[in-house]
Amino acid sequence: MLVTVPGGADGPSGVLVCAENFVIYKNQGHPDVRAVIPRRADLPAERGVLIVSAAMHKTKNLKPEEFKLFFLLQTEYGDIFKVTLTDGGGDRVSELNIKYFDTIAVAVSICVLKSGFLFAASEFGNHALYQFKGIGDDDNDVVASSASLMETEEGFQPVFFLPRRLKNLVRIDPVESLMSIMDMKVSNLFEEETPQIFTLCGRGPRSSLRIMRTGLAVSEMAVSKLPGIPSAVWTVKKNVMDEFDSYIVVSFTNATLVLSIGETVEEVSNSGFLDTAPSLAVSLIGDDSIMQVHPNGIRHIREDGRTNEWQTSGKRTIAKVGSNRLQVVIALNGGELVYFEVDVTGQLMEVEKHEMSGDVACLDIAPVPKGRLRSRFLAVGSYDNTIRILSLDPDDCMQTLSIQSLSSAPESLLFLEVQASVGGEDGADHPASLFLSAGLQSGVLSRTVVDTVTGLLSDARSRFLGLKAPKLFPIILGRKCAMLCLSSRPWLGYIHQGHFLLTPLSYETLEYAASFSSDQCLEGVVSVSGEALRIFTVERLGETFNQTVIPLRYTPRKLVLQPKRKLLVVIESDQGALTAKEREAARKECFEAAQTGENATGSEDQMENDGEDEDQGDSLSDEHYGYPKSESDKWVSCIRVLDPRTGNTTCLLELQENEAAFSICTVNFHDKEYGTLLAVGTAKGLQFTPKRSLTVGFIHIYRFLDDGRSLELLHKTQVEGVPLALCQFQGRLLAGIGPVLRLYDLGKRRLLRKCENKSFPISIVSIHAYRDRIYVGDIQESFHYCKYRRDENQLYIFADDSVPRWLTASYHIDFDTMAGADKFGNIFFARLPQDVSDEVEEDPTSGKIKWEQGKLNGALNKVEEIVQFHVGDVITSLQKAALVPGGGECIVYGTVMGCVGALHAFTSRDDVDFFSHLEMHMRQDNPPLCGRDHMAYRSAYFPVKDVLDGDLCEQFPTLPMDLQRKIADELDRTPGEILKKLEELRNKII
Amino acid sequence: MQASDRFNINSQLEHLQAKYVGTGHADINRFEWAVNIQRDSYASYIGHYPLLFYFFIAQNEFIGRQRYTFMQKMLLPCGLAPEREED
């Protein structure tokens with residue numbers, strides 16, 4: 001690796017050559033200055049030290065004889081060294097110093113920011129931003145200097161150090177990354193509205209199980225129990241100028257409770273509120289008075305404590321209320337609207353009455369525009385499935401401006417004002433606009449644009465939110481208006497980077513909510529659900545998933561779910577690492593050494609171990625820094641049963657004697673003596689180089705005990721290769737052992753071999769079974785379709801693929817179709833042609849003779865590739881799942897680089913035409929930055945077939961307006977319609 | 001050069017050979033062919049980060065080290081060239 005040294009005023013110019021174990025300064029006509037890179041004390045002698053990333057920073061705070069700059073070099077073990085050059089006069093470098101700086105996760109690239117931060121883009125796992133606490137001025141740290149370089153008979157004298165916890169850096173913020181998804185399962189284990197995605201991520205000590213849910217994460221600030229079941233909650237300020245809310249008002253069915261917000265939240269009785277009746281609305285009116293609407297009237301509480309009361313006439317009670325700061329409209333039972341305005345003296349004046357044709361379902365007034373005295377629009381929802389926009393202007397008061405008819409009756413209405421933004425902080429330009437959202441009784445949220453002059457409604461979009469009718473509440477988020485929709489789960493509608501996003505919150509069902517602002521919590525939400533009052537905030541806006549992270553011990557390999565018992569079984573294995581026990585011993589040794597040594601360097605800088613508890617972090621630290629290659633034939637492995645709800649491991653079996661687990665499946669054998677059993681394929685002493693070899697392989701059979709929470713070994717069966725794939729098949733176990741497919745039955749002391757087929761090309765990596773067909777995936781040679789004939793007890797290959805595919809993931813789609821992904825980043829679907837499939841099924845002799853005739857070592861029939869797409873990333877897991885209720889199933893994939901993607905099947909020809917044309921235009925008009933041809937990229941290994949690039953299509957809104965219009969014209973649509981189409985498609989997936 | 005020559009297969013080949021080392025020619029021997037293939041493979045492993053990462057997980061080796069090893073292997077992927085027979 002080469003690092004340039006700046007010349008001129010900044011430095012001596014030249015270059016730093018980072019070789020294995022050495023850093024050498026070179027320049028034209030300058031003698032080489034060379035220093036060794038310090039080594040870790042526990043590093044075996046034959047292993048070198050390589051520099052993997054570097055950053056340069058200019059600073060003045062260095063010793064006077066040094067050049068005013070330093071370099072940070074990171075080694076492959078994660079240690080960062082500070083390199084400084086000593087000025088020897090006349091642009092000559094007299095000395096090169098390498099000083100131990102800190103240890104962070106190995107980065108692909110590190111970058112020093114002028115403001116005193118260091119960003120490390122991790123090799124895998126979470127990236128992180130660090131802040132500098134020091135620049136390594138501490139003289140206790142190990143230094144290797146070119147001046148003290150010693151040459152001995154065995155070469156240069158090495159310098160040793162012990163890694164320690166962070167001293168010069170502080171981690172500020174991580175960027176979450178799922179990098180290296182090893183396996184993924186989508187399942188609704190928690191019985192929530194949408195399924196959870198269980199992913200196995202990471203490698204070695206940084207590995208974890210991450211449970212992902214769609215939606216934003218919520219952090220709960222407080223939960224308190226109330227004396228009864230509340231129906232509604234509001235927050236209110238005493239004065240318009242106040243920064244924070246003063247009261248939380250909670251309404252019950254027959255009373256109102258007022259809580260004042262201060263250091264703590266406590267009940268108050270002298271607030272002037274009517275507490276013997278339920279409330280319908282509470283808000284700030286005018287500049288400094290509070291309005292409480294109860295079924296029999298409106299109570300207006302002035303700042304000085306005086307209260308005015310407006311009573312309803314006769315037996316009519318108030319049903320609904322809509323208000324902004326200066327206007328109030330109430331709807332009485334029977335459908336009469338009464339309109340009030342705040343006059344100059346702060347008095348609430350009745351202005352107009354209006355009789356509607358029927359009961360009012362809901363109403364809302366648009367916020368008062370800046371610089372105006374009143375808002376012009378009142379939206380009224382009626383039970384005849386319509387929304388009417390009425391005018392509030394004095395000259396045409398209560399005139400209907402526009403009507404929108406809906407699919408079902410509206411339950412809740414909300415005007416959402418979006419402020420104009422031109423190159424604002426989120427970098428997006430959009431004009432000010434007014435949206436009217438309506439939550440319908442069918443659970444659909446409909447959103448329309450309101451013309452700010454005429455009040456006409458246009459561009460309606462709708463989305464199904466949940467089984468309950470959504471209730472809409474305005475809240476403040478990031479100093480902007482946002483909308484909270486409470487259906488069977490809460491949703492948040494907000495503007496992020498110029499886009500309106502509607503995302504679910506990962507929180508329980510809420511009844512009523514209001515925004516909340518106090519000293520401790522600037523932008524929160526207070527809500528009621530059941531008997532509890534909950535205060536929470538929403539963080540990390542813009543994310544699609546939120547994660548729960550459960551750390552694991554070794555690199556996770558595979559995962560099986562037990563949907564009935566709601567448990568997960570994970571197998572983990574690592575090459576060339578130490579077991580937990582050995583690590584424990586090593587840690588003790590290290591700790592003792594550190595205590596006797598001068599500087600207490602108990603290597604516990606384990607901040608990288610997200611969420612690990614302290615002492616475990618300690619022991620992992622050793623492993624974190626990598627283990628010697630000399631032990632590469634050494635494996636550690638474990639089988640773990642996890643309860644994903646609590647994140648607790650209920651059972652952990654460490655495999656002994658160099659065994660490593662590679663495959664896992666649950667199986668029910670014919671004789672139901674044991675019920676569901678767990679089969680685990682292991683290999684002992686596996687080596688990859690120079691040639692794959694192993695001592696022996698095993699298939700373990702475990703029994704679940706204690707309701708699936710722990711495991712008991714029934715027996716081990718020795719096999720000759722690595723069992724890389726296991727699958728249940730007709731009450732027996734199918735195992736892929738190298739090129740052999742074998743059928744086992746359960747015996748008393750071992751598995752009994754029933755039938756086998758040895759004619760697979762290289763090595764079997766996946767087996768799927770459906771009815772009497774077996775779909776076998778080979779490591780190099782794609783899919784093979786097999787059949788089992790019970791009467792003759794034989795396994796036949798009747799079809800295979802004509803393309804060599806290095807399978808990394810496979811999934812069974814239907815009787816004739818398999819989805820697969822290969823090592824080079826392609827995803828494909830292989831299907832047996834219908835006529836061939838019928839022929840195979842109808843053949844009374846099962847075509848044994850035909851199958852034996854295969855051509856050129858292959859099977860007689862070939863599957864056809866019906867779908868092909870280059871993803872550009874190694875896909876490690878595939879699954880069919882519906883991530884949205886009612887959204888239809890899609891193929892969800894996870895990749896080595898930590899991306900979760902989905903393929904959605906079009907159901908109509910029109911959509912296909914539309915999106916393929918859009919994609920074509922996007923290819924032409926929006927070429928990528930680096931000038932690669934999009935079509936060529938997506939066809940990098942095989943020509944792309946019947947897949948459209950949704951990511952490319954979704955870039956449409958980022959195009960300049962005139963280009964958008966041009967494309968839309970050619971598609972005979974408006975840009976708005978295209979956006980709507982894109983949004984609809986996205987909503988079907990997530 | 002005449003217009004027709006431009007589409008001549010030989011000139012196209014020459015152009016390709018000038019541009020890409022691994023194009024091959026009629027007199028290529030088994031060793032050179034293998035070297036080209038190996039180098040292409042390694043270049044592809046290094047160039048595609050996901051692939052490199054895939055190796056990294058399998059071998060439990062650091063990515064930087066992995067890249068370095070692959071680069072070293074590109075030097076002599078098939079060992080020393082066999083001695084040419086003197087014609």
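The name given to chain B in an unreviewed UniProt entry is Splicing factor subunit, and the organism recorded there is Medicago truncatula.

Re the overall build of chain A
Scanning chain A from terminus to terminus reveals nine helices and 73 strands. Dimensions of chain A, computed from the C-alpha atoms along their principal axes, are close to 100 × 95 × 60 Å. When burial is assessed residue by residue, chain A has 54% of its 990 residues classed as buried. Partitioning the contacts of chain A with sequence separation of at least 6, the portion at a separation of at least 24 is 54%. In the form shown here, chain A has an accessible surface area of approximately 42800 Å², with 50% of it arising from carbon and sulfur atoms. Across chain A, the mean location of the 103 positive side-chain charges is 5 Å away from that of the 136 negative side-chain charges.

Describing a nonpolar patch on the surface
Residues and elements named next belong to chain B. Together, Leu13, Leu16 and Tyr20 make up a nonpolar patch on the protein surface, roughly 260 Å² of accessible area in all. In this fold, tyrosine 20 is placed in the loop between α2 (9-19) and α3 (30-47). Relative accessible area serves as the criterion here: at 46%, tyrosine 20 is assigned to the partly exposed category.

Things to note about the sheet that holds strand β27 (residues 289-294) of chain A
Strand pairs in the sheet, formed through backbone hydrogen bonds, run parallel or antiparallel to each other. Residues and elements named next belong to chain A. Read from one edge of the open sheet, four strands run β26-β27-β28-β29, paired in antiparallel fashion. Edge strands, defined here as strands with exactly one partner in the open sheet, are β26 (281-285) and β29 (307-311). Each adjacent strand pair in this sheet contributes to an overall mean axis angle of 20 degrees, direction not counted.

Notes on the pattern of salt bridges
Going through the model one piece at a time under the given rule, you end up with 52 salt bridges over all chains. Each member of the salt-bridge network shares a partner with another, and the members are Glu720, Arg742, Arg753, Glu756 and Lys758 of chain A.

Considering the pairing of strand β39 (residues 433-440) of chain A
All names here are of chain A. With eight of its eight residues buried, β39 lies for the most part within the structure. Both faces of β39 are covered, namely the face carrying Ser433, Phe435, Ser437 and Gly439 and the face carrying Leu434, Leu436, Ala438 and Leu440. Both strand β38 (residues 410-418) and β39 contribute to a ladder of eight bridges, which runs antiparallel. Bridge pairing links leucine 414 to serine 437 in β39. Looking at chain direction, β39 and strand β40 (residues 444-450) are connected through six bridges and run antiparallel. Within the sheet, the bridge partner assigned to glycine 439 lies in β40 and is leucine 445. Remark: three residues form the turn of the hairpin made by β39 and β40, two consecutive strands paired antiparallel; glycine 443 in that turn has positive phi of roughly 95 degrees.

A look at the packing of aromatic side chains
Enumeration according to the criterion identifies 31 aromatic pairs over all chains in this entry. Following the ring pairs from residue to residue traces out a cluster consisting of Phe124 of chain A together with Tyr49, Phe53 and Phe56 of chain B. For arginine 206 of chain A, the ring lying beneath its charged end belongs to phenylalanine 124 of chain A, and the centroid distance is 5.3 Å. The lysine or arginine in question, lysine 981 of chain A, covers the ring of phenylalanine 914 of chain A, its NZ or CZ lying 5.5 Å from the ring centre.

Re the sheet that holds strand β20 (residues 208-214) of chain A
Residue and element names in this part refer to chain A. Strand order in the open sheet formed by four strands is β18-β19-β20-β49, with antiparallel pairing between adjacent strands. Single-partner strands in this sheet number two, and they are β18 (181-187) and β49 (545-551). On average, each strand axis in the sheet is inclined to that of its neighbour by 20 degrees, with strand direction left out of account. As paired elements, β18 and strand β19 (residues 196-201) share six bridges and run antiparallel to each other. When the bridges of β19 are listed, methionine 184 appears paired with threonine 199.

Observations concerning the interface of chain B and chain A
Taken together, the contact pairs 19 residues of chain B with 34 residues of chain A. A combined buried area of about 2300 Å² lies between chain B and chain A, and 61% of that area is made up of carbon and sulfur atoms. Considering only the surface of chain B that becomes buried against chain A, Asn60, Phe62 and Arg65 of chain B emerge as the three largest contributors, covering 29% of it. Viewed at the interface, chain A and chain B are joined by two salt bridges. Arginine 65 of chain B is the salt-bridge partner of glutamate 76 of chain A, the closest N and O atoms lying 2.6 Å from each other. Inspection of the region where chain B meets chain A yields five residue pairs in polar contact (both at pLDDT 80 or more). Elements with a minimum of two residues in the side of chain B that touches chain A: α4 (49-59) and α5 (63-75) of chain B. Of all the elements, α4 of chain B adds the most residues to the side of chain B that touches chain A, at ten residues. Partitioning the side of chain B that touches chain A into residue classes produces twelve nonpolar, five polar and two charged.

Describing the environment of phenylalanine 783 of chain A
Residue and element names in this part refer to chain A. Within the fold, phenylalanine 783 resides in strand β64 (residues 782-789). C-alpha separation for the pair phenylalanine 783 and alanine 819, spaced 36 residues apart in sequence, amounts to 9.6 Å. With residues up to four places along the chain from it excluded, the contact list for phenylalanine 783 reads Val776, Gly777, Ala799, Asp800, Asp801, Leu807, Ser810, Met818, Ala819, Gly820, Phe828 and Ala830.

A closer look at helix α5 (residues 909-925) of chain A
Residues and elements named next belong to chain A. Relative to the 24 Å expected for 17 residues at 1.5 Å per residue, α5 spans 24 Å between its end C-alpha atoms, a close match to the ideal helical length. Inspection of α5 places Asp911, Phe914, Phe915, Leu918, Glu919, His921 and Met922 among the buried residues, and these make up the whole buried set. Mapping the buried residues of α5 onto a view down its axis gives an arc of 165 degrees, with all of them on the same face. α5 presents Arg909 and Gln924 as exposed residues on the side facing more than 90 degrees away from its buried surface.

Things to note about the nonpolar core
All names here are of chain A. In this structure, Val250, Leu484 and Leu492 are the most contacted members of the largest nonpolar core, which totals 44 residues. In this structure valine 250 touches Leu226, Pro230, Ala232, Val233, Ala255, Thr256, Leu257, Leu259 and Leu533, once residues within four positions along its chain are discounted. If you look at the next biggest cluster of nonpolar residues, it comprises 33 residues, including Phe22, Tyr77, Phe81 and Leu96.

So, the packing of α3 of chain B against α5 of chain B
All names here are of chain B. Relative to each other, α3 and α5 sit at 160 degrees, their axes nearing to 9 Å. As far as their axial angle goes, α5 and α3 are roughly antiparallel. Crossing geometry of α3 relative to α5 is assigned as left-handed. Between α3 and α5, the contacting residues are Arg39, Tyr42, Ala43, Tyr45 and Ile46 on the first element and Arg67, Phe70, Met71, Lys73, Met74 and Leu75 on the second. The residue inventory of the contact of α3 with α5, partitioned by class, reads eight nonpolar, no polar and three charged.

Conventions used here
Residues numbered from 1 in each chain as written. Chains lettered and ligands numbered in written order. Predicted model: local features only at pLDDT ≥ 70, side-chain atom pairs only at ≥ 80, totals over all residues. Heavy atoms only, no water. Helix = DSSP H or I, 4+ residues; strand = E, 2+ residues; numbered from the N terminus. Buried < 20%, exposed > 50% of the residue type's maximum accessible area, 1.4 Å probe, protein only. Contact = heavy atoms within 4.5 Å. Areas by Shrake-Rupley, 256 points an atom, 1.4 Å probe, with all protein chains shown as cover. Lys, Arg positive; Asp, Glu negative; His and termini not counted. Charge placed at Lys NZ, Arg CZ, Asp CG, Glu CD. Patch = residues over 30% accessible without salt bridge, like charges linked within 9 Å, V, L, I, M, F, W, Y side chains within 5 Å. Salt bridge = Lys/Arg side-chain N within 4 Å of Asp/Glu carboxyl O. Pairing = 2+ DSSP bridges. Axes fitted to C-alpha atoms, helices over the stretch in contact; angles between N-to-C directions. Phe/Tyr/Trp six-rings, centres within 6.5 Å; stacked < 30°, edge-to-face > 60°. Lys NZ or Arg CZ within 6 Å of the ring centre and 35° of its normal. Buried area = accessible area lost by both parts, 1.4 Å probe. Polar contact = N/O pair within 3.5 Å; in protein donor to acceptor, adjacent residues only side chain to side chain. Nonpolar A, V, L, I, M, F, W, Y, C, P; charged D, E, K, R; others polar. Expected span 1.5 Å × (residues − 1). Arc of directions from axis to C-beta. Core = buried A, V, L, I, M, F, W, Y, C linked by side-chain atoms within 4.5 Å. Parallel < 35°, antiparallel > 145°, perpendicular 65-115°, else oblique. Left-handed = near helix turned anticlockwise from the far one by under 90°.

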